[in-house]
Amino acid sequence: MFRKIAYGAEPSQFGYLHLPVGSGPFPVVVMVHGGWWAAMWDDTAVQPLIADLVGSGCAVWSIEYRRMGEAGAGWPGTFADVAAAVDLVASLDAPLDLSRVAVVGHSAGGHLATWTAHRSALPAGVVGASPVVPLAGVVSIAGVLDLVAADGARLGTELADLSGEPPRGAPGPSGPDFWPVVAAGVGAGMTRFLMGVSAGEDPGVYALASPVEMGDGGVPVLAVHGSADEVIPAEFSRTYAERHALAEFVDSPGGDHFSVIEPDGHAWTVARKWLAEKLS
């Protein structure tokens, strides 16, 4: 059972609230899907994880947000949307246990999920500061946790090729009409497209958006990454965990970018056990 709930007036400012069987109150997982922060993709890739979580008794709030190709996306709009969607958990009309809330994200969604773990460290007045809902934990799966390194490597430029071969296991685009807009803007990489500037030109804004650079937010984070990820280097997650005392890195042997979100695979098995402990 699920229902669509808006948290803003823009077309992508909504989420789907999935509830398990029972009367609750239920622990909550906010799911942030990936797809290079681009409007071509929705939460299709993480639907098996949503089903697994709901089947285990969790409510899942699977959020959409403005993505590249849409008006208002990028810094700070995309980040403002994610913060607003997570904050809305406090006022959703459902039997939710607000003392047991976690955020999970894959790929670009792993970046945004991990960013939410550091919101309390943001300066007052900055987008995302002063979070409303305390988090029990965050799981990043194959996350882009080092935006500075991602910008330097110009990751995502392959999206400029509309006929390019996708990675193994990647879902087809749910919004293919956005692809030409993204292709036109990705010449220096998706991170620069998202942030609107390079890390060298404005390190200060990257310090507000890149989890590796951000201050401690007091939220435990599990960063799981496949050792054979061909899209986002596992080193990004490893570096993040080395920088933050509350973070743990788990290498998923042989895992590629999409096998890590297979519900019966190593990465998700580790993540589910960790989540169960944090939400107990």
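Residues numbered from 1 in each chain as written. Predicted model: local features only at pLDDT ≥ 70, side-chain atom pairs only at ≥ 80, totals over all residues. Heavy atoms only, no water.

Participant: I tried to follow the side chain of serine 252 on my own but got confused; where do I start?
Facilitator: Of note, serine 252 is situated in strand β8 (residues 247–252). Beyond its immediate sequence surroundings of up to four residues, serine 252 is in contact with Val224, His225, Gly226, Ser227, Val260, His266 and Ala267. (Helix = DSSP H or I, 4+ residues; strand = E, 2+ residues; numbered from the N terminus. Contact = heavy atoms within 4.5 Å.)

Participant: In this structure, what is going on with the environment of glutamate 158? I would like to understand it.
Facilitator: Position of glutamate 158 relative to the elements: it lies in the loop between α4 (147–153) and α5 (179–185). Sequence separation between glutamate 158 and glycine 187 is 29 residues, and the spatial gap between their C-alpha atoms is 8.9 Å.

Participant: How do you make sense of the sheet that holds strand β5 (residues 96–106) when you look at a structure like this?
Facilitator: By definition, the strands of a sheet pair up through backbone hydrogen bonds, in either a parallel or an antiparallel sense. Taking strand neighbours across the sheet as the criterion, the eight strands line up as β1-β2-β4-β3-β5-β6-β7-β8 in an open arrangement whose pairing is mixed. The strands lining the two open edges of the sheet, one partner per strand, are β1 (2–6) and β8. Going from strand to strand, the sheet's axes swing by 20° on average, the running direction of each strand aside. Bridge count between strand β7 (residues 221–226) and β8: six bridges; the pairing is parallel. Each residue of the ladder has a partner; that of histidine 225, found in β8, is aspartate 251. This element, helix α8 (residues 234–243), spans β7 and β8 of the sheet and lies at about 150° to β8. (Pairing = 2+ DSSP bridges. Axes fitted to C-alpha atoms, helices over the stretch in contact; angles between N-to-C directions.)

Participant: I tried to follow the pattern of salt bridges on my own but got confused; where do I start?
Facilitator: Two side chains of opposite charge can pair, provided their charged atoms sit close to one another. Tallied over the entire structure, the rule returns ten salt bridges. Residue glutamate 64 is joined to arginine 67 by a salt bridge in which the shortest nitrogen-to-oxygen separation is 2.9 Å. Residues glutamate 64 and arginine 67 agree in their burial class; the two are buried. Ionic pairing is found between arginine 168 and glutamate 262, a salt bridge with its closest N-O pair at 3.9 Å. Placement of the pair is arginine 168 in the loop between α4 and α5 and glutamate 262 in the loop between β8 and α9 (266–278), with a sequence separation of 94 residues. You can call arginine 168 partly exposed: its relative accessible area is 49%. (Salt bridge = Lys/Arg side-chain N within 4 Å of Asp/Glu carboxyl O. Buried < 20%, exposed > 50% of the residue type's maximum accessible area, 1.4 Å probe, protein only.)

Participant: Is there a simple way to explain the nonpolar core in this structure?
Facilitator: The tendency in soluble globular proteins is for nonpolar side chains to be buried side by side. Of all hydrophobic cores here, the largest spans 70 residues; its most connected members are Val30, Trp36, Trp37, Trp61, Val89, Leu159 and Met190. Apart from residues lying up to four places away in sequence, methionine 190 is in contact with Trp36, Trp37, Ala38, Met68, Leu155, Gly156, Leu159 and Val182. Among the nonpolar cores identified, the runner-up in size contains 27 residues, and Val29, Met31, Val46 and Ala142 belong to it. (Core = buried A, V, L, I, M, F, W, Y, C linked by side-chain atoms within 4.5 Å.)

Participant: Is there a simple way to explain helix α1 (residues 47–55) in this structure?
Facilitator: Count 3.6 residues to each turn of an α-helix, and residues three or four apart come out pointing the same way. Turning to α1, its buried residues are Leu49, Ile50, Leu53 and Val54. One side of α1 carries all its buried residues, which in axial view fall inside an arc of 130°. Opposite the packed face of α1, turned more than 90 degrees from it, sit the exposed residues Ala51 and Gly55. Backbone geometry just after α1 places glycine 57 at a positive phi near 105°. (Arc of directions from axis to C-beta.)

Participant: Quick question: what am I supposed to make of the packing of α1 against α9 here?
Facilitator: Helix packing geometry: the angle between the two helix axes and the distance between the axes. At a minimum axis distance of 12 Å, the contact between α1 and α9 shows a crossing angle of 35°. The handedness of the crossing between α1 and α9 is right-handed. Packed against α1, whose contacting residues are Leu49, Asp52 and Leu53, the element α9 presents Trp268, Arg272 and Leu275 at the interface. The class makeup of the residues in the contact of α1 with α9 is four nonpolar, no polar and two charged. (Left-handed = near helix turned anticlockwise from the far one by under 90°. Nonpolar A, V, L, I, M, F, W, Y, C, P; charged D, E, K, R; others polar.)

Participant: Just to check I follow, could you spell out α8 for this structure?
Facilitator: Turning to α8, its buried residues number three or more, namely Ala234, Phe236, Ser237, Thr239, Tyr240 and Ala241. Turning to α8, the residues buried within the fold contact α3 (108–117), α4, β7 and β8.

Participant: What's the story with the packing of aromatic side chains in this structure? I'm lost.
Facilitator: For any pair of aromatic rings, the description consists of the separation of the ring centres together with the inter-plane angle of the planes. Inspection of every chain in the model, using the stated rule, returns six aromatic pairs. Consider the rings of phenylalanine 14 and tyrosine 16, whose centres lie 5.4 Å apart with planes at 85°: the pair is edge-to-face. A relative accessible area of 12% places phenylalanine 14 in the buried class. Residues tryptophan 41 and tryptophan 179 carry aromatic rings whose centres are separated by 5.5 Å and whose planes lie at 65° to one another, so their mutual orientation is edge-to-face. Linking tryptophan 41 in the loop between β3 (26–32) and α1 with tryptophan 179 in helix α5, this pair joins segments that are 138 residues apart in sequence. What links up through ring pairs into an aromatic cluster is the set Phe2, Phe14 and Tyr16. One Lys or Arg, lysine 4, reaches over the ring of phenylalanine 14 and ends 4.3 Å from the middle of that ring. (Phe/Tyr/Trp six-rings, centres within 6.5 Å; stacked < 30°, edge-to-face > 60°. Lys NZ or Arg CZ within 6 Å of the ring centre and 35° of its normal.)

Participant: Where do I start with the environment of lysine 273 in this structure?
Facilitator: With respect to the helices and strands, lysine 273 occurs in helix α9. Along the chain, lysine 273 and valine 133 lie 140 residues apart, while their C-alpha atoms are 22 Å from each other.

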